[in-house]
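Residues per chain are reported as follows:
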Amino acid sequence: MPEQHTVKTADGTLYYEVRGSGPVLVLSGAPMSAREFAPVADLLAAERTVVTHDPRGIGRSPLDDPRQDSTPRLRADDLVALLDALGAEKADALGSSGGAVTVLAAAEHHPGRFGTVVAHEPPLLELLPDAAAQREATEAIIGTYHRDGMGAAFAAFMANAGFPLPEEDGEGQGGPEREPGEQDVADARRFFVHELRGTTRHVPDTDALRTGPVRVVVGLGAESGTLLTDRTSRELAKRLGEDPVMFPGGHGGFADDPAGFAAVLLRTLA
C-alpha cells in the first residue's frame, strides 16, 4: 500500500501518495487523479520512489477558492511543492494528457528541479495550424457543459478528441455504466469550467525547452493515430527537434497496459 500524505500550499491542499524507493519519479495527470496511475505506479516502484497525486481542485486536493482556474503554471508549482514536501531536490516526471502540459510548464519554469520530463500526449491545441477552429470547438464543449450537463459535454469532448463513441466502437458488452457519484460530478465541473480552457490554450516556449537543462521527451501512444493528441504530440516533437517515443496503447496506455508502459518509461528515463 502506498503512503498517503497531504501538503498545504498557498491556495489549497494537495493529496499525494508515495511508493517504493530510489530516484524520485512524479506521475501527473489533469484531470486524472492518483487512482488512475496506481497500477503503473506499483510496477515502477520496484526501481523508483514514485509519487502520484490528485491535481489541484480534483478529488482529494481541494482549493481554498473552488472558483480558481487551474493553469499549467499553477500545476507546475504544485509539483515543486510535492518535491519540497518530500525533501527531494530533483526528480523526473511523467505527465499524461493535461498532466503532460503540467510537466512541460514545470520544465520551463522550474528547470533546476527536474532532470527528465516525459510529456505523454499533451493536448497543446494552440500548436496546430487549425488552432482557431480548435479554440472554437473547446468553447463549444464548455458551452455544452453549461447548457446540457456533464454527459453531453463528455460526449462532445470525446468526439472532438477523436475517440470512438460507445455506439461506434462495437463493444457495448459491459452493461450500463455506473451512475456518476458526487465526486465525479464535482470533478467534471472542475474540468470543464476551470481546467480545460487553460490547458488547451497553453503555449510552451519550445525554444526554451529545446535549449534548457531539462531533458524533454514527447510520448505518444502507438494506438492514438486517430486522436487529436497524436497531432499535437507530433507537432511538439517537431518543434523540439526530436521524434516522439512510442508507448503501448493509446491515450490511456498507462492504465490499459501498465507493464508495457512502465517498461518503455524506464527505458526512456535510463
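Residues numbered from 1 in each chain as written. Predicted model: local features only at pLDDT ≥ 70, side-chain atom pairs only at ≥ 80, totals over all residues. Heavy atoms only, no water.

(A) Representation of the packing of helix H4 (residues 131–148) against helix H6 (residues 182–200) in the model. The geometry of H4 relative to H6 is characterised by a closest axis approach of 10 Å and an angle of 170° between their N-to-C directions. Relative to H6, the element H4 lies roughly antiparallel. Considering the relative orientation of H4 and H6, their crossing is left-handed. Residue-level contacts link Thr138, Glu139, Ile141, Ile142, Tyr145 and His146 of H4 to Ala188, Arg189, Phe192, Val193, Leu196, Arg197 and Thr200 of H6. Class assignment of the residues belonging to the contact of H4 with H6 gives a composition of seven nonpolar, three polar and three charged. (Axes fitted to C-alpha atoms, helices over the stretch in contact; angles between N-to-C directions. Helix = DSSP H or I, 4+ residues; strand = E, 2+ residues; numbered from the N terminus. Parallel < 35°, antiparallel > 145°, perpendicular 65-115°, else oblique. Left-handed = near helix turned anticlockwise from the far one by under 90°. Contact = heavy atoms within 4.5 Å. Nonpolar A, V, L, I, M, F, W, Y, C, P; charged D, E, K, R; others polar.)

(B) Broad picture of the pairing of strand S5 (residues 91–97). Burial of S5 is extensive: seven of the seven residues sit out of reach of the surface. Here six bridges tie strand S3 (residues 24–30) to S5, and the two strands are oriented parallel to one another. If you follow Ser28 over to S5, its bridge partner there is Gly95. Of the pairings in the sheet, the one linking S5 to strand S6 (residues 114–120) comprises five bridges and is parallel in character. The residue of S6 that forms the bridge with Ser96 is His120. Read from S5 through helix H3 (residues 98–109) to S6, the crossover connection turns out right-handed. (Buried < 20%, exposed > 50% of the residue type's maximum accessible area, 1.4 Å probe, protein only. Pairing = 2+ DSSP bridges. Right-handed = clockwise from strand over helix to strand, strands pointing away.)

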